[in-house]
Each structure stands twice: as structure tokens, then as C-alpha cells.
Amino acid sequence: MAEKLVDVALIYDFDGTLAPGNMQEFSFIKDLQMTNEEFWAKCQKLSEKNDASGILCYMATMLKEARYRGIKITKDQFMQFGKSVELFEGVESWFKTINAYGKNIGLNIKHFINSSGLKEMIEGTKIAGEFEQIYACSFIYDENGAAEWPAVAIDYTSKTQFIFKINKGIKEVRDDKKINEYVAEEDRPIPFKRMIYFGAGETDIPCMKMVKQNGGYSIAVHSGGIEKQKRAHKLILDNRVNFVCDANYSQGSELYKVVTTILDKMQKDYEFDMLLKQHRQKAATSKTATEKY
């Protein structure tokens, strides 16, 4: 009987990490007949005026501007907007390719989204079915199916809680009990040392640093340009990430080589840990047997 594959988590931000720009900019803002600059300026103004969360303010602005124009926003409509979201080169084939690589060396790759973008839009993208769980902002819907209030708002600090949910195998966003219960690291479904975090923006820094500090690996991706590269490389110098790569997920790309090298190391580290455990158990058994005589 084949040995059970070892679970590994690949955790991705969405905007700027798997897709260029913000997901609202591909069709939602266009349907409002606004420019991207006009929309985000309104979000910023609302945030500054009320000293409020930027995430909650962009969600409120989406609803307000849609209602003002008589546009009914339902979950299905958000998913339709998600269908227009473009992805970086190689993203669509990435999951199949990296899953096969992992399986070949004894690893079961599980993919997760951890985003300040909209869950409903991500669920409309071509790659939605690739993820074990999509942790992202979402809305509550009324009896007619229209979005009426934020259900989940995820900013740069609250993103870190979902790393622990993955670590402990908790799927429910609403859970606030199991997430705080003590579980020994060796008993958690996916330890930090078997995590890779992919991020691009400021909202990812706490997660990238936390995963790295706990023995996992963080990769800052960028979509080219001198300034973007400088900001990304500063994250290495500030000890917040392990690697910086161009947002190209094609087989043979620098990102592919970095990730497969990390996976190789994870597999060898797991074998080493099992070898240590085996020898400790052997020593304990030998001691017990000796004490009997």
C-alpha cells in the first residue's frame, strides 16, 4: 500500500499576486461608468472622513455606487464580474503542474486564498475550483439575494488569523473558539514549516513575515518595473520574505524553480523528522525493555 502523501499549503494573496491590479477594475468599476481613479478616490475620502477601515470603505463604496445607479448586486452578479478578471502568465496551468510535481515526491499540495479582495468575485474566476478554501472579504445578502452588508472584512492584520486556521485545519471564518485552543505544533494538520506564502502588497507583509519566522517560506511577487522590484527586494533586506520573483507562474520560470526547490527541501525535512522520531521511539522502547530486567 502506498504511503500517505504529506500535506503542504500554498497560500496566495490575489490582487497583484495571481492577477494584475485590483479585481474591481476589470469590469465592476466600468459598469459603474467610473474611472478607477474616481472609484478609489471615493473609497479613500470615505476612509479619511470617518477614520475608518479602508477595506470596509471600499466595500461600502461598491454598494453605495451600485445602488445610486440602480444596479442590483447579487452574489451571482459578483461572480459574473469575477469571470472578467485576468490572471498572470502561467496561473491557469500552475496548479495542475505544481500538484503533479508535489505528488511525484510524496507531497499533497493544498492551495488557499488569503485576500482582502472579494470572495464572491474570486469564486467567479477560472481558477476558483483549485482552492481548498477561499478566505476573503464577503457580503451578507438580503431575502432577495442583494448584497446589503459586509459579512467578512479582511485587512493586513486580520489576514494572519487565516494562516492559523490553515495551520489548525479550521475552515469556518466564524470560528472563534477552536482557533484559540492549544494544539501542539506536531499535531496540527499543516505545520508552518510546510507552508509557502505568496504575496505582493502591503496587506501581505504581516503574513509573509509570520510564515517565515515560524519556519515556512514567503515569496514576494511583482509584475515588473524598477520601483516594484525595489519595493519587493527591500522585503528581503528587511527580513520579511525569503524570495522575490516575477509574477510568472509558467513551468520553468524563476518562480517555478524557487517553489519546486522549496518543495524538495520540505520533503527531505519531513523524511529527516520521521527518521529522528523513529530513533527516539527505538531508544524509548530499548530503555523500557532494559528496565524490565
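None of these values were measured; they are calculated from a predicted model.

A.B. asks: Any details on unusual backbone geometry? Residues and values, ideally.
C.D. replies: The phi torsion at aspartate 51 lies on the positive side, around 50°, for a residue other than glycine. Among the secondary structure elements, aspartate 51 is positioned in the loop between helix 2 (36-50) and helix 3 (54-68). By relative accessible area, which is 73% here, aspartate 51 ends up exposed. Positioned with a positive phi, asparagine 239 is a non-glycine residue whose angle comes to about 65°. With respect to the helices and strands, the residue asparagine 239 is situated in the loop between helix 9 (226-237) and strand 7 (243-246). Of the residues examined, asparagine 239 reaches a relative accessible area of 48% and is grouped as partly exposed.

A.B. asks: Would you mind going over the pattern of salt bridges in detail, with residue names and values included?
C.D. replies: Across all of its chains, the model carries 11 salt bridges by this definition. Across the salt bridge formed by aspartate 269 and lysine 265, the nearest N and O atoms sit 2.8 Å from each other. Pair noted here: aspartate 269 and lysine 265 are both in helix 10 (residues 254-291), with a separation of 4 residues, about one helical turn. A residue is classified by how much of its surface remains accessible, and aspartate 269, at 30% relative accessible area, is partly exposed. Exposure remark for lysine 265: the relative accessible area of 42% places this residue in the partly exposed category. One connected set of salt bridges, linked through shared partners, spans Asp13, Lys159 and Asp204.

A.B. asks: Could you give me a rundown of the packing of aromatic side chains, with the residues and numbers involved?
C.D. replies: Under the counting rule described, the total for this entry stands at 14 aromatic pairs. Between tyrosine 12 and phenylalanine 198, the aromatic rings sit 4.6 Å apart at their centres with planes inclined by 20°, giving stacked as the arrangement. In this pair, tyrosine 12 sits in strand 1 (residues 6-12) while phenylalanine 198 sits in strand 5 (residues 195-199), placing the two residues 186 residues apart along the sequence. What makes tyrosine 12 buried here is its relative accessible area of 0%.

A.B. asks: An account of the pairing of strand 1 is requested, with residue identities and associated values reported.
C.D. replies: Within strand 1, 7 of the 7 residues are buried, leaving the element largely enclosed by the surrounding structure. The side-chain alternation of strand 1 yields two buried faces, one formed by Val6, Val8, Leu10 and Tyr12 and the other by Asp7, Ala9 and Ile11. The sheet contact formed by strand 1 and strand 2 (residues 107-118) spans 7 bridges and is parallel. The residue of strand 2 that forms the bridge with isoleucine 11 is phenylalanine 112. Pairing of strand 1 with strand 5, which is carried by 4 bridges, proceeds in the parallel orientation. The partner of tyrosine 12 across the bridge, within strand 5, is phenylalanine 198.

Definitions and cut-offs
Within each chain, residue numbers correspond to sequence positions counted from 1 in written order. Where local features are concerned, this predicted model is filtered to residues with pLDDT of at least 70; where side-chain atom pairs are given and counted, the filter is 80 or more; whole-chain, interface and lining totals use all residues. Based on all heavy atoms of the structure, the side-chain values leave hydrogens and waters out of the count. Helical segments are the DSSP runs of H or I of at least four residues, strand segments are the runs of E of at least two, and each set is numbered from the N terminus. Relative accessible area decides the class of each residue, using a 1.4 Å probe on protein chains only: under 20% of the type maximum gives buried, over 50% gives exposed, and in between gives partly exposed. Salt bridge criterion: a side-chain nitrogen from Lys or Arg within 4 Å of a carboxyl oxygen from Asp or Glu. A pair of aromatic rings is counted whenever rings of Phe, Tyr or Trp (Trp by its six-membered ring) have centres within 6.5 Å, and the orientation is called stacked for planes under 30 degrees apart, edge-to-face for over 60 and tilted otherwise. Think of it this way: DSSP has to see at least two bridges between two strands before they count as a pair.

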